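Observations on the model geometry
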2 protein chains.
Amino acid sequence: MKNLPDKTVERLSQYRRSLNNQLTKGKTNIFSHELAHLLHITPVQVRRDIMLIGYSGTLRKGYDIKEMINLIGKIIDTDEGQRIAVIGMGNLGKAFIHYLHEKGSKLRIVASFDVNPDKTNKTYAGVHCYHFDRMAEIVKKEEITIGIITTPPEVAPQIADKLVKAGINGILNYTPKLLSVPDEVYLEEYDMITSLEKVAYFVKHRD
Amino acid sequence: MKNLPDKTVERLSQYRRSLNNQLTKGKTNIFSHELAHLLHITPVQVRRDIMLIGYSGTLRKGYDIKEMINLIGKIIDTDEGQRIAVIGMGNLGKAFIHYLHEKGSKLRIVASFDVNPDKTNKTYAGVHCYHFDRMAEIVKKEEITIGIITTPPEVAPQIADKLVKAGINGILNYTPKLLSVPDEVYLEEYDMITSLEKVAYFVKHRD
DNA sequence: TATTCCCTGTTAAAAATTTAACAATAATGC
DNA sequence: GCATTATTGTTAAATTTTTAACAGGGAATA
Ligand SMILES: NC(=O)c1ccc[n+]([C@@H]2O[C@H](COP(=O)([O-])OP(=O)(O)OC[C@H]3O[C@@H](n4cnc5c(N)ncnc54)[C@H](O)[C@@H]3O)[C@@H](O)[C@H]2O)c1
Ligand SMILES: NC(=O)c1ccc[n+]([C@@H]2O[C@H](COP(=O)([O-])OP(=O)(O)OC[C@H]3O[C@@H](n4cnc5c(N)ncnc54)[C@H](O)[C@@H]3O)[C@@H](O)[C@H]2O)c1
């Protein structure tokens, strides 16, 4: 399948979460306008996204929820899934692991790293924490493709460098320090303060 | 000033963080291409954003870092600042308060709420935690305009409703449950899983 | 003082994303 | 069975966002 637009990928993730939610409520089918309402977007956009991933609903019945969940899974998780590491087992790192635990996704956190002896050689929500010195070794052995950085910001650049050298393909950076990686590594950065400041701005400047 | 584009507002927040960073390194001026490099964007975009906020650099010297920080502060924080509450003092809520503490921003967290007696009537990083029953009262007294929701997802909708009734103007929702609020309330939602799944997708589908 | 160079500010073009419009058609009601 | 209704799929238009192009103009050089 051709590459999907950035924004469509983000929405697919949200569609899936909403669809799973509907499934637990006993719903088996859903209309574009229902899904749109849940995500605060327009029904057209839902239909367009669904068109882009090559799925089709049935007229007057809408979309089959299970089928859509499966298809989105194939697209995002891929059939083989991916293996993930968290670097920095502080508040955020631990919270993340607990949050992802038990989601039953094919994206699995299989290792974590820290340098603090209080953190290393322990297991958090089923994820073992190694000393960061062993990172390259474990990344290879465990076939890890994605690293999530939740260390203090100062060390984030060197962590990123080492992850790249170890052969990782994607980095999700939660420190406020903006990173630089080679083109072939996909980098996503998120800072809570930006979200908060965005709300602050639009609260004061909304029409 | 006319309303700025969504994306520009997000970047302003990042500009400011990067500029503060440069300031501590002793830099007083910066070129568009330098700032662009830090944010992985193009110099044109930097210049355009700066044009939109009505600031001007000097030819051959670039932009005055302090002046830009001040101006961005006026735009995002506004002169009076805003007062913020966190609802749900679990892992994420506490982490957030610690993270924002000591940033010296005009956006200040002035209260937090929980229902668990283990959490209430304590102070975390200088922020008092009240029982959620007192929320409406405190929101009025403390003139709180923004609420950050970090409760379990199940209760998020009812929390949001009550925040809206209490007269809040903006909500930042970190639970994976998508919310619905009246138009006049600005809503921003963020789910870490979406970021992770986005990385997962583009790692496998990058050209 | 002329010339070159570098960097800004801005308008115009391009690209990405969203929204509108509507044809097609299965189910429903009469 | 025929018209009506509801809903999808898709093309085209509109909007938003990014990128390109380039005209200034101040500093440096000579
Ligand atoms: N806590 C939040 O809500 C929040 C929000 C946004 C961003 N952040 C950012 O996320 C990051 C983590 O925040 P936190 O609250 O979890 O911090 P934290 O101090 O609790 O955790 C950081 C962890 O990284 C470990 N570490 C330090 N150096 C390391 C290294 N070289 N290699 C591996 N591990 C190392 C530390 O031992 C510690 O366990 C910070 O950059 C913070 O700015 C935090
Ligand atoms: N921890 C993460 O990394 C992470 C990441 C993304 C999203 N989230 C989401 O953020 C939210 C919080 O996560 P967490 O790990 O901090 O959970 P948590 O269980 O540690 O904290 C939740 C807190 O909310 C309080 N609470 C429960 N009901 C309440 C109510 N009605 N009013 C006020 N407070 C109430 C609880 O007492 C608890 O202190 C969850 O929705 C979670 O899914 C967490």
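Residues numbered from 1 in each chain as written. Chains lettered and ligands numbered in written order. Predicted model: local features only at pLDDT ≥ 70, side-chain atom pairs only at ≥ 80, totals over all residues. Heavy atoms only, no water.

1. As for helix H8 (residues 192-205) of chain B
All names here are of chain B. Threshold: Comment: elements are numbered from the N terminus, with helices defined as DSSP H or I runs of at least four residues and strands as E runs of at least two. Helix span is expected to be 1.5 Å times the residue number reduced by one. Buried, partly exposed and exposed residues are distinguished by accessible area as a fraction of the type maximum, computed with a 1.4 Å probe on protein chains only: under 20%, between the cut-offs, and over 50%, respectively. Side-chain atoms alone can form a polar contact between residues adjacent in sequence; in general such a contact is a pair of N or O atoms within 3.5 Å, and within protein one must be able to donate a hydrogen while the other accepts it.
For H8, with 14 residues, the first-to-last C-alpha span of 20 Å sits near the 20 Å given by 1.5 Å per residue. When you tally the buried positions in H8, you get 12 out of 14 residues, the bulk of the element. Taken residue by residue, H8 has Met-192, Ile-193, Thr-194, Ser-195, Leu-196, Glu-197, Lys-198, Val-199, Ala-200, Tyr-201, Phe-202 and Val-203 as its buried positions. Of the residues flanking the start of H8, the one acting as N-cap is Asp-191, its side-chain oxygen 2.8 Å from the backbone nitrogen of Ile-193.

2. Section: the interface of chain A and chain B
What counts here: Should any heavy atoms of two residues lie within 4.5 Å, those residues are considered in contact. Summed over both partners, the accessible area (1.4 Å probe) lost when two parts come together is defined as the buried area. In the sections that follow, a salt bridge refers to a side-chain nitrogen of Lys or Arg positioned within 4 Å of a carboxyl oxygen of Asp or Glu. Side-chain classes follow a simple rule in which Ala, Val, Leu, Ile, Met, Phe, Trp, Tyr, Cys and Pro form the nonpolar group, Asp, Glu, Lys and Arg form the charged group, and the remainder, Gly included, forms the polar group.
Counting residues at the interface gives 68 residues for chain A and 67 residues for chain B. Both sides together, the interface formed by chain A and chain B hides about 6200 Å², and carbon and sulfur atoms give 63% of it. The interface formed by chain A and chain B includes 12 salt bridges. Between the two partners, chain A and chain B, sit 31 residue pairs in polar contact (both at pLDDT 80 or more). Per element, the largest residue contribution to the side of chain A that touches chain B is 14 residues, and it comes from helix H8 (residues 192-205) of chain A. Across the side of chain A that touches chain B, the residue classes tally to 32 nonpolar, 17 polar and 19 charged.

3. Focus: the site of ligand 1
Let me state the cut-off plainly: Consider each residue's heavy atoms; a residue with any of them within 4 Å of a molecule or strand counts as near. Only the protein chains shown count as cover for residues, and all accessible areas are computed by the Shrake-Rupley method using a 1.4 Å probe.
In the vicinity of ligand 1 there are 23 residues, among which Leu-92, Asp-114, Lys-119, Thr-151 and Pro-153 of chain A approach most closely. The site occupied by ligand 1 is bordered by residues of chains A and B. One of the backbone nitrogen or oxygen atoms of Gly-90 of chain A is found 3.5 Å away from an oxygen atom of ligand 1. Within the side chain of Lys-119 of chain A, an N or O atom sits 2.7 Å from an oxygen atom of ligand 1. Protein coverage of the free-state accessible area of ligand 1, which is 820 Å², stands at 84%. Elements with a minimum of two residues in the shell around ligand 1: helix H5 (91-100) of chain A together with helix H5 (91-100) of chain B. Ranked by residues supplied to the shell around ligand 1, first place goes to H5 of chain B with three residues. Grouping the amino acids of the shell around ligand 1 by side-chain chemistry returns 14 nonpolar, seven polar and two charged.

4. Here we look at the sheet that holds strand E9 (residues 186-189) of chain A
As a reminder of what qualifies: Two strands are said to pair when DSSP picks up at least two bridges between them. To get an axis, fit a line to the C-alpha atoms, keeping to the stretch in contact for a helix; angles then go from 0 to 180 degrees between the N-to-C directions.
One open sheet accounts for seven strands, arranged E5-E6-E4-E3-E7-E8-E9 (chain A); its pairing is mixed. With partners counted over all chains shown, the strands left at the sheet margins are strand E5 (123-124) and E9 of chain A, one partner each. As judged from the two bridges shared by E5 of chain A and strand E6 (residues 127-131) of chain A, these two strands associate in the antiparallel manner. Of the residues in E6 of chain A, the one forming a bridge with Thr-123 of chain A is His-128 of chain A. The sheet contacts of H5 of chain A involve strand E3 (82-87), strand E4 (107-114), E5, E6 and strand E7 (146-149) of chain A, and relative to E4 of chain A the element is tilted by about 160 degrees. Lying on the sheet, H8 of chain B is in contact with E3, E4, E7, strand E8 (170-173) and E9 of chain A; it crosses E9 of chain A at an angle near 165 degrees.

5. Details of the site of ligand 2
In the vicinity of ligand 2, 23 residues are found, and the nearest of them are Leu-92, Asp-114, Lys-119, Thr-151 and Pro-153 of chain B. Flanking ligand 2 are residues from chains A and B. Between ligand 2 and Leu-92 of chain B there is a distance of 2.8 Å, counted from an oxygen atom to a backbone nitrogen or oxygen. Pro-153 of chain B has a polar backbone atom sitting 3.4 Å from an oxygen atom of ligand 2. Protein contact buries 83% of the 820 Å² of open area that ligand 2 shows by itself. Element by element, the count of residues in the shell around ligand 2 is highest for H5 of chain A, at three residues.

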